[in-house]
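Architecture at a glance
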Amino acid sequence: FLGRALQTVNPATNSIDNTMISSTAAIATTKLGAGAILQVLQDTTSTEVTTSSTSFVAGGLSQAITPSSSSNKILIICSYTMSQINSGKNSVCSVFRDSTNLDGGDLGLGRLRADAANLYSRQTISLLDSPSSTSAITYSLKLKCYSSSADARLHQNSNIGSLILMEIAGWL
């Protein structure tokens, strides 16, 4: 090829299909566009958590994630079994971003009022968070009793709880 010019051309529209692309080819996340799922992380537990505290305590599920862009969102899906041992009392769960309660208040994102003793319920919290950060963030499930003389539990009888985090490409 010494002394010869190389000719380059652009391929014709629709002339390249998926069968021509290597299965090991990587696509840059910047090319995926808004709404693409960039990473998925999960924590699970079946270890029972019990509290009579009226302040939030760790609920056994916690997962760190580092967003690749400050405009990206985090989709949180948290599933757990919550129970209240005392009739007429309330159990409350919420998801926290580091130390920030994502319900914006004190009522929690998941509640259970026991009209009978030993009432339990499978619940799922789903929300889209905008952390505006590229630093590591830890999301966690926390539990409390809404009133005194109560006994709240998570993951009773080895029921599996899960916390799934999905980084979603955001909009600029």
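Residues numbered from 1 in each chain as written. Predicted model: local features only at pLDDT ≥ 70, side-chain atom pairs only at ≥ 80, totals over all residues. Heavy atoms only, no water.

Two aromatic rings are characterised by how far apart their centres lie and by the angle between their planes. With the rule as written, the count across this model stands at one aromatic pair. Judged by centre distance (5.2 Å) and plane angle (70 degrees), the ring pair of Phe56 and Phe96 falls under edge-to-face. With a gap of 40 residues between them, Phe56 in the loop between β2 (49-51) and β3 (57-65) and Phe96 in strand β5 (residues 90-97) connect regions that are remote in the sequence. A cation over an aromatic ring shows up here: Arg111 above the ring of Tyr146, its NZ or CZ 4.5 Å from the ring centre. Note that Lys142 overlies the ring of Phe96, its terminal NZ or CZ placed 4.6 Å from the centroid. (Phe/Tyr/Trp six-rings, centres within 6.5 Å; stacked < 30°, edge-to-face > 60°. Helix = DSSP H or I, 4+ residues; strand = E, 2+ residues; numbered from the N terminus. Lys NZ or Arg CZ within 6 Å of the ring centre and 35° of its normal.)

Let's shift gears to the pairing of strand β9 (residues 137-145). With seven of nine residues buried, β9 lies mostly within the body of the structure. Where β3 and β9 come together, six bridges link them in antiparallel fashion. Following the sheet pairing, Val57 is matched in β9 by Leu143. Pairing geometry for β5 and β9, over seven bridges, is antiparallel. In the sheet register, Ser94 faces β9, and the bridge partner there is Lys142. (Buried < 20%, exposed > 50% of the residue type's maximum accessible area, 1.4 Å probe, protein only. Pairing = 2+ DSSP bridges.)

All right, on to the nonpolar core then. Within the largest apolar cluster, 24 residues are counted, with the highest numbers of intra-cluster contacts made by Ile76, Cys78, Tyr80, Tyr139, Leu141 and Leu154. Secondary structure elements with two or more residues in this core: β3, β4 (73-84), β5, β8 (119-129), β9, β10 (152-154) and β11 (161-168). Setting aside its immediate chain neighbours within four residues, Leu154 contacts Thr47, Glu48, Val49, Gly59, Tyr80, Thr81, Met82, Cys93, Leu141 and Leu143. (Core = buried A, V, L, I, M, F, W, Y, C linked by side-chain atoms within 4.5 Å. Contact = heavy atoms within 4.5 Å.)

As a further point, take unusual backbone geometry. Phi is positive for Ser132, close to 50 degrees, though the residue is something other than glycine. Mapped onto the fold, Ser132 is located in the loop between β8 and β9. Even without being a glycine, Asn157 presents a positive backbone phi close to 60 degrees.

Any functional reading would require information beyond the geometric quantities listed.
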